[in-house]
Amino acid sequence: MKVVVTGGTGMIGRKLISSLLATPELTDRDGNKSEVTSITAFDVMPPDPPLPDDDRLSVVTGEISDTGAIASLIGDDTDAVFHLAAVVSAQAEEDFDLGMRVNLDGTRIILERCRALDHAPRVVYASSVAAFGGEMPDVINDTVTPNPQTTYGVTKVIGEYLIDDYSRKGFIDGRALRLPTIVVRPGRPNKAASTWASSIMREPLAGHSAVCPVTEESKMWMLSPRRVVEAFRHAQVLDSDAWGPHRVVNLPGITGSVTESLQALSRAGGNSARALVSFEHDPFIQDIVDGWANTFVTPRGDAMGFTADADLDEIVSVFLEDDLEGQHAYYE
Ligand SMILES: NC(=O)c1ccc[n+]([C@@H]2O[C@H](COP(=O)([O-])OP(=O)(O)OC[C@H]3O[C@@H](n4cnc5c(N)ncnc54)[C@H](O)[C@@H]3O)[C@@H](O)[C@H]2O)c1
């Protein structure tokens, strides 16, 4: 079966592709287990560092809002699409037009292309806990209505509604995951307002200093890269019936404060690692982070078989096992 990954050279896209190459099994258009024989990574950025050299993988560099490029990318031979391409939170906040073009128009173009096929492909969509905002209960459960307070969150929620409606109409078999903040993110800091949550663990564990722009009490809803890749794969293979008419799920995660993250850092890297983190308050970032939901109960996601990391120590271990070695290249 043929699989397309948009945002395929991004952090999660790369990890998903590596996982699919290592364990090439998903569910095809008929709902049967099937071997993944072809993966296309689509992204506006070429892969850096390169993606694995593998005959089953091709990389297409292009713009998600280019209807012609998407028509060439997704065809009647495409069984599954993982739609991950997006501009992240702070970038969409700074540049409204870019956020709308990439996150909203791009998603609509992907869905319209899928609708034009001779079958309804499985589409897995990356949404975000940025769906929630404004007045919220202390604990978000599965019935809380999204009320995003950023352009990024708005585009993600509109994408969710489109996934629901295109699925209801039978144009696609869609699935949308509201991702926690993915920590520890390997590579360089990005333009997400949450980028510090990874930096304060990643940089010290690699022997470099990091600056935390928010207070020690600030909390985040988190999941490791390993678990999120498992979640994308699991979402793709779940039966349609498991989703029902509402195609969106809040992924399980764990709540961690800056203090707790730094304690996990000390346990893994000692006091010398902890000493590499300093604080420099940034009210712009603090405001965005304070507006995010950070504590959830996720009975729907749990019942569907999605899983969270056990604790922050597991999150740190995943980074040490999967990414620390490759991380050193980013400081050269
Ligand atoms: N990482 C997180 O903490 C997190 C949390 C919630 C939701 N998400 C969502 O998960 C998805 C993947 O996140 P990630 O962490 O891998 O982000 P990322 O920024 O590493 O990857 C996104 C990719 O999209 C690509 N892209 C941006 N504009 C594009 C365009 N115009 N055309 C084609 N490609 C374009 C980027 O080049 C990038 O490679 C995104 O949709 C993101 O919004 C991520």
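Every value quoted in this text rests on a predicted model; they were computed, and no experiment measured them. (Residues numbered from 1 in each chain as written. Predicted model: local features only at pLDDT ≥ 70, side-chain atom pairs only at ≥ 80, totals over all residues.)

**Comments concerning the overall build of the protein chain**
We apply this condition: Secondary structure elements follow DSSP: runs of H or I of four or more residues count as helices, runs of E of two or more count as strands, with numbering from the N terminus. For this measure, only C-alpha atoms enter the radius of gyration; the expected value for a globule follows 2.2 Å times N^0.38, where N is the number of residues. Any two residues are considered in contact once their C-beta atoms, placed from the backbone, lie within 7 Å.
The helix and strand tally for the protein chain stands at 13 helices and 14 strands. Taking 332 residues into account, the globule formula puts the C-alpha radius of gyration at 20 Å, and the protein chain, at 19 Å, falls close to it. Each principal axis of the C-alpha atoms in the protein chain carries an extent, and together these give about 60 × 45 × 40 Å. A sequence separation of at least 24 residues applies to 78% of the contacts in the protein chain between residues at least 6 apart.

**Notes on the site of the ligand**
Just so we agree on the cut-off: Whether a residue is near a molecule or strand depends on its C-beta atom, placed from the backbone, lying within 6 Å of it. Under this grouping Gly is polar, as are all residues other than the nonpolar Ala, Val, Leu, Ile, Met, Phe, Trp, Tyr, Cys and Pro and the charged Asp, Glu, Lys and Arg.
Taken together, 23 residues are adjacent to the ligand, and Gly7, Gly10, Ile64, Ala86 and Ala126 come closest. Elements that contribute at least two residues to the shell around the ligand include exactly helix 1 (11–22), strand 7 (122–128) and strand 9 (181–182). Looking at the shell around the ligand element by element, the count peaks at 3 residues for helix 1. Partitioning the shell around the ligand into residue classes produces 14 nonpolar, 7 polar and 2 charged.

**Digging into the sheet that holds strand 6 (residues 78–83)**
The criterion, for reference: Two strands make a pair as long as DSSP finds a minimum of two bridges between them. Here an angle of 0 to 180 degrees is reported between the N-to-C directions of two axes, which are lines fitted to C-alpha atoms, with helices fitted over the stretch in contact.
In spatial order, the strands read 5-4-1-6-7-8-12; together these 7 strands make up an open sheet with parallel pairing. Every other strand in the sheet has two partners, leaving strand 5 (57–61) and strand 12 (248–250) as the edge strands with one partner each. Between one strand axis and the next, the sheet turns by 15° as a mean value, whatever way the strands run. Relative to strand 6, strand 1 (residues 2–6) is paired through 5 bridges, and the arrangement is parallel. Within strand 6, the residue paired with Val4 across the bridge is Val81. Strand contacts of helix 1: strand 1, strand 4 (38–43), strand 5 and strand 6, with the helix running at about 170° to strand 4, the strand carrying the most contacts. Its contacts with the sheet place helix 7 (residues 225–237) against strand 6, strand 7 and strand 8 (173–179), and it is angled at close to 160° to strand 8.

**Points about the packing of helix 1 against helix 7**
A pair of packed helices is characterised by two quantities: the angle between their axes and the separation of those axes. Put simply, the rule reads: Here roughly perpendicular refers to angles of 65 to 115 degrees, roughly parallel to angles under 35, roughly antiparallel to angles over 145, and oblique to all remaining angles. It is the rotation of the near helix from the far one that decides the hand of a crossing: anticlockwise by less than a right angle makes it left-handed, clockwise makes it right-handed.
It is the contact of helix 1 with helix 7, at a shortest axis distance of 10 Å, that shows an interaxial angle of 65°. If you check the angle between helix 1 and helix 7, you find them roughly perpendicular. In this structure, helix 1 meets helix 7 at a crossing whose hand is right-handed. Counted together, Ile12, Lys15, Leu16 and Ser19 of helix 1 and Pro225, Val228, Val229, Phe232 and Arg233 of helix 7 form the full contact between these two elements. When grouped by side-chain class, the residues that make up the contact of helix 1 with helix 7 number 6 nonpolar, 1 polar and 2 charged.

**A short note on helix 9 (residues 258–274)**
Note the cut-off: Helices are assigned an expected span. That span is 1.5 Å times one less than the residue count. The angle between axes fitted to the seven-residue stretch ending at a residue and the seven-residue stretch beginning at it gives the bend at that residue. Put plainly, a residue is buried at 20 or more neighbouring C-beta atoms within 10 Å of its own, exposed at 12 or fewer, and partly exposed in between, counting only other residues' C-beta atoms, which are placed from the backbone.
The terminal C-alpha atoms of helix 9 lie 12 Å apart, and with 17 residues this falls more than 12% below the ideal 24 Å at 1.5 Å per residue. Most pronounced at Ala268, the bend in helix 9 amounts to some 110°. Buried within helix 9 are the following residues: Val258, Ser261, Leu262, Leu265 and Ala273.

**Thoughts on the domain arrangement of the protein chain**
Accessible area lost when the parts come together is the quantity often used to give the size of an interface. We apply this condition: Reported domain spans reflect what an automatic or database domain assignment gives.
What the domain assignment reports for the protein chain is domain 1 (2–182 + 223–250) and domain 2 (195–220 + 254–295 + 310–331). Here the C-alpha centre of domain 2 lies 26 Å away from the C-alpha centre of domain 1. Contact with domain 1, which involves 16 residues of that partner, is made by 12 residues of domain 2. Of the residues that constitute the side of domain 1 that touches domain 2, the class distribution is 8 nonpolar, 6 polar and 2 charged.

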